[in-house]
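The residues making up each chain are set out below.
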Amino acid sequence: MKSKTYTTKMASPGDPSVNVSHVEEKKKPPVRYWQEQEKDEEKHDNKNEEETEEAVQQENKHTRKAKKRRQTDDVTNEKKVVSGKSDPFPGPAPISKNRLQKFSRKGQTQKLHRQRLKLKEMITRSEEASEMAQKQAARFDLLLPEEAGFLEGDEDEDTCMISQEDIADAVDITAGTKYFNLKLTQFGPYRVDYSRTGRHLLLGGSRGHVACVDWQTKQLMCEINVMESVKDVKWLHSENMFAVAQKKWLYIYDSNGIELHCIRQFNDVLRMQFLPYHFLLATASATSFLQYLDVSVGKEVAAICTKTGRLDVMCQNPHNAIIHLGHPNGTVTLWSPNQKEPLVRMLCHQGGVRSVAVDKTGTYMVTSGLDKKMKVFDIRAFKPLKSYVLPAGASCLSLSQRGLLSAATGDVIQVYRDVWSTPVSKPYIAHRVLGTVWGQQFCPFEDVLGVGHGDGFTSMLIPGAGEPNFDGLDSNPYRSAKQRQEWEVKALLEKIQPELISLDPTALGQVDGATFEQRHQDRVQALGFDPLAKEKFVPRFKKKGRSSAGSIERRKKQVANEDQRDVIRKTVEDKMKMEEERKRVEEKKSKLSGQKSALDRFRK
């Protein structure tokens, strides 16, 4: 073996002391030729970096503001890290065009021809806000997962053969409790009305029994006996007040059963309808009068004599607040508080009309008459669509929020589906109650049909009848007392005046062309010139603050006054000429009258 020799360097007396350990550091490996090239490249890069540092610092000064604006875009564009991995779908979720079109509010605003920087900024901000609101509404539409489910039978099984007991056993416990019977044989038959939220139930017996119930919790709010016959009951704008049409006059009660008002102007009332957005209570009486009461101020808005006899068939169109009345001669008339004559008169049946119902979109009307027929009409064109023959005719009709039709014949309730789209041969659900049906109504936002009959009240389960998603700002079934008070104040501030009730509610935002032309002609005749014939003066845009709104208006008025002076000067000259001609004619007449004729001697 070869022996290794180790040499050590001794420190000289003049050299500084050196601390050398007995174990030397590891020697670095020899440098290869490719590593020398890398070192040269690193030196070159360092020089370039030093040169570019100054340029970067200058650029940073100019791009600070731009970076702040781009921060929002960078956050959306950069890939987010989810559990250590990059997000495969960065950015907001896409929205379909159909859903965006559903919530579109307005079109794009036209660009301005002149420079209006502030106005342009305001327009762009409003467009961005409307676009954001449109996207948010389209996204929140996905948060409405509830869907209306209908009853489906097995093979060769009709859903009308399924009993209410079987449906109550098949559904969950909460929904099963919504099927119940109230046995009230002493004061029946009963009229029924649900509140707009679908939470409270109002019962009115023909022999004076009136009760309001929170029917979901089965808690009785009040129960009174008015000691005279009751024709109809109706909730007002909230569940704190309700109206009762008694034997002689109309009475208003609160939820505790305390009488608030006795309105003697409304006598012999048979039917009532409440218009929630107008705060109007419409009543139809036995004396052929249709009256409107504004419950917010307690004044009578209109009293119309229909001259058609006893009014015991009444319904409202929820879309435009038009009242539909059925008459014994087979006609249905449409009324508004603004006119003393009916807006439309339709001949619907060969016999008297027994019941009328209108869907919530205001498109279809269903009527039943003494000729044992049930007809469906398109109100937009006032034409019949379908006609069905019932064995004994329908005495009472009701339409649900999802378009289900309930027809009562004696003590049998038949619910039909898709009445106006396809011909129906058999009912969707059928049920027999203990007494003759006197009133029925679908509960809002619930798959429930309330039926008032001679033996009391029955709550039926009708799958797919109610709207599953409610508007919390309009009709919230779960609102608290504080929310109800705030809603009531807002509704009063947004109350629609009765003068705006018309057949076509969309016509309010349109221009009446014929009336506009007539007014324009009258204006031309009064002024003697056409003010719209000449193009309007458009002031030139000036800088340094000289194109403010006030200065522009002053320049417009100055030019308009100059034009008006010329027009007035011409009109004055024309009037003077006409006056001179009139004087000349009068002078000629006076001269001719001053001359004596030969026949003047025979005058006495």
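Residues numbered from 1 in each chain as written. Predicted model: local features only at pLDDT ≥ 70, side-chain atom pairs only at ≥ 80, totals over all residues. Heavy atoms only, no water.

The protein chain carries the name WD repeat-containing protein 46 in an unreviewed UniProt entry, which gives Austrofundulus limnaeus as its organism. UniProt, in its Subunit (unreviewed entry) section for the protein chain, records the words "Part of the small subunit (SSU) processome, composed of more than 70 proteins and the RNA chaperone small nucleolar RNA (snoRNA) U3. Interacts with DDX21, NCL, NOP2 and EBNA1BP2." (UniProt positions renumbered as here; feature names shortened; annotations may be inferred.)

> Where do I start with the state of the cysteines in this structure?
The term disulfide refers to a covalent linkage connecting the sulfur atoms of a pair of cysteines. Tallying each qualifying case throughout the model produces zero disulfides. Between C222, a cysteine without a disulfide, and C212, which holds the nearest cysteine sulfur, the sulfur-to-sulfur distance is 3.0 Å. (Disulfide = S-S within 2.5 Å.)

> I would appreciate a short explanation of the pattern of salt bridges in the present structure.
Note on pairing: side chains with opposite charge can pair once their charged atoms come close. All told, the structure shown has 15 salt bridges when counted by the stated rule. Across the pair R484 and E488 runs a salt bridge whose closest N-O atoms are separated by 3.4 Å. A residue pair is termed a helical-turn pair when its members lie 3 or 4 positions apart in one helix, as R484 and E488 do in helix α6 (residues 481-493) at four residues. Residue classification places R484 among the buried positions, given a relative accessible area of 12%. (Salt bridge = Lys/Arg side-chain N within 4 Å of Asp/Glu carboxyl O. Helix = DSSP H or I, 4+ residues; strand = E, 2+ residues; numbered from the N terminus. Buried < 20%, exposed > 50% of the residue type's maximum accessible area, 1.4 Å probe, protein only.)

> Looking at this structure, how should I read the confidence of the model for the protein chain?
Should pLDDT be low for a region, the predicted coordinates there are not to be read in detail. Per-residue confidence for the protein chain averages 83 on the pLDDT scale, and 80% of its residues sit at or above 70. Note on residues 65-70: pLDDT under 50 across the span, and one contact to partners over four residues away in sequence or across chains. (pLDDT = per-residue confidence, 0-100. Contact = heavy atoms within 4.5 Å.)

> Just checking my understanding: could you explain the sheet that holds strand β10 (residues 249-254) for this structure?
Strand pairing in a sheet relies on backbone hydrogen bonds, with the paired strands running either antiparallel or parallel. The strand order across the open sheet formed by four strands is β8-β9-β10-β11, and the pairing between neighbours is antiparallel. In this open sheet, the two strands that pair with only one neighbour each are β8 (230-235) and β11 (259-267). Here the strands of the sheet are splayed against their neighbours by 20° on average, with no regard to which way each runs. (Pairing = 2+ DSSP bridges. Axes fitted to C-alpha atoms, helices over the stretch in contact; angles between N-to-C directions.)

> What should I look at first to understand the environment of M221 in this one?
Of note, M221 is situated in strand β7 (residues 219-225). Considered as a pair, M221 and N256 are 35 residues apart in the sequence and their alpha carbons are 6.6 Å apart. Residue contacts for M221: discarding those within four places in its chain leaves H200, C212, V213, D214, E239 and S255.

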